[in-house]
Amino acid sequence: MRKILLGLAAVALAATMGTALAQDKKTIGVSIPAADHGWTAGVVFHAERVAKKLMEEYPNLNVVVKTSPDPASQANAVQDLETQGIDALVILPTDPDPLVSAIKEVKAKGKFVALVDRAPSTNDDSVRDLYVAGNNPALGEVAGKYIAATTPNAEVVIVRGMPIPIDQQRQDGFDKGIAGSGVKILDRQFGNWNRDDAFKVMQDYLTKYPKIDVVWAQDDDMVVGILEAIEQAKRTDIQYVVGGAGSKDMIKKVMDGDKMVPVDVLYPPAMVGTAMELTAAQLFDQVPVHGTYILDATLVTKDNAANYHFPDSPF
């Protein structure tokens, strides 16, 4: 009888422990753009890499990564994640303002929300608990200051990203960086952070303007299309192109002393992993992570480029 009672007690204890473990399980939903260009391919890579790492580190953690090509699809993805019973949401919006309602619905249910990179027009604790981003104004300002210092009377064409808030922040930063110099902006058009679109914009510039000194592009992926357009047109007046984000191909050009790509400005896609790690620390370690985390926009030169070159990365 004693053995039977001990056996029943052991079964009950195991059942209780199993229930406790089940209750302790947490899920982080990660909603990010589809890999439609190099930088977002890097975001997807790092999100999946860090998801695997975190689930190994925290046995009771499940991380679900969903990619979406546009705001409407991403709003549906966020709703799907919420329906699955997530405890926290990490989201890098395709376009932030159209997604505010979907994000607020998750937050209103008491879930922890980490917003990455692309901030809505109102970016406060009514929308998110944590904000992790690169320094968008500095990305533009660092590029502008470099151009103003290197070619103070340059005639410059600009290939912008997309008409969303971070694009304007970068543009405003660039204008600040060239303030007081003799730099003249000939034109600004959107390249949608896409190499093919940037190629077409650059072709248009090359047709319209017989003399261009410098090109500033908000993204390294667009620089690929810009350089191709310049090469095809056999234009020799353009002195150099300044991009941003820190892609492995552009960093390699800087390392090699390519005169057309003398510098780059960092804006790492791995920031999504930073947000995921901080969110996991909030859920499991009770680490206070509420607030804003802004990463530096470092100017990459031939002297420091080796520190930022990751040849195995997709971007």
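Residues numbered from 1 in each chain as written. Predicted model: local features only at pLDDT ≥ 70, side-chain atom pairs only at ≥ 80, totals over all residues. Heavy atoms only, no water.

## Considerations on the overall build of the chain
Thought 1: Within the chain, the regular secondary structure consists of 10 helices and 12 strands.
Thought 2: With respect to the principal axes defined by its C-alpha atoms, the chain has extents near 95 × 40 × 30 Å.
Thought 3: For the chain, buried positions account for 50% of its 315 residues.
Thought 4: Pairs at least 24 apart in sequence give 73% of the contacts found in the chain among residues at least 6 apart.
Thought 5: A total accessible area of about 14,200 Å² is found for the chain, and carbon and sulfur atoms account for 53% of it. (Helix = DSSP H or I, 4+ residues; strand = E, 2+ residues; numbered from the N terminus. Buried < 20%, exposed > 50% of the residue type's maximum accessible area, 1.4 Å probe, protein only. Contact = heavy atoms within 4.5 Å. Areas by Shrake-Rupley, 256 points an atom, 1.4 Å probe, with all protein chains shown as cover.)

## Quick word on the side chain of T151
Thought 1: In this structure, T151 sits in the loop between α5 (136-150) and β6 (155-160).
Thought 2: Of the residues examined, T151 reaches a relative accessible area of 11% and is grouped as buried.
Thought 3: In this structure T151 touches V183, V214, Q239 and Y240, once residues within four positions along its chain are discounted.

## Remarks on the layout of surface pockets
Thought 1: Counted as a void, the largest pocket has a volume near 240 Å³.
Thought 2: What lines the largest pocket is simply H46, A245, G246, K248, L266, P268, P269, A270, Y308, F310, S313 and F315.
Thought 3: Split by residue class, the lining of the largest pocket holds eight nonpolar, three polar and one charged.
Thought 4: There is about 200 Å³ of room inside the second largest pocket.
Thought 5: Residue lining of the second largest pocket: 16 residues in total, with D36, P69, T94, R118 and M162 positioned closest to the centre.
Thought 6: Per-class residue counts for the lining of the second largest pocket are six nonpolar, six polar and four charged. (1 Å grid on protein atoms, 1.4 Å probe; cavity = no way out; pocket = protein on both sides within 12 Å on 5 of 7 lines; lining within 4 Å. Points joined across faces, edges and corners; volume = space filled by probe spheres on them. Nonpolar A, V, L, I, M, F, W, Y, C, P; charged D, E, K, R; others polar.)

## Re the confidence of the model for the chain
Thought 1: Averaged over all residues, the pLDDT of the chain is 91; the fraction at 70 or higher stands at 93%.
Thought 2: Predicted confidence is poor over residues 1-23, with pLDDT under 50, and the contacts of this stretch with residues over four places away or in other chains come to one contact. (pLDDT = per-residue confidence, 0-100.)

## Re the nonpolar core
Thought 1: Core analysis: the biggest nonpolar cluster contains 51 residues, and I28, V90, I147 and M276 have the highest contact counts within it.
Thought 2: Once residues within four sequence positions are removed from consideration, I147 is found in contact with P152, V156, F174, V183, V214, W216, Y240 and V242.
Thought 3: Core analysis: the second largest hydrophobic core is formed by 32 residues, V201, A217, I238 and L266 among them. (Core = buried A, V, L, I, M, F, W, Y, C linked by side-chain atoms within 4.5 Å.)

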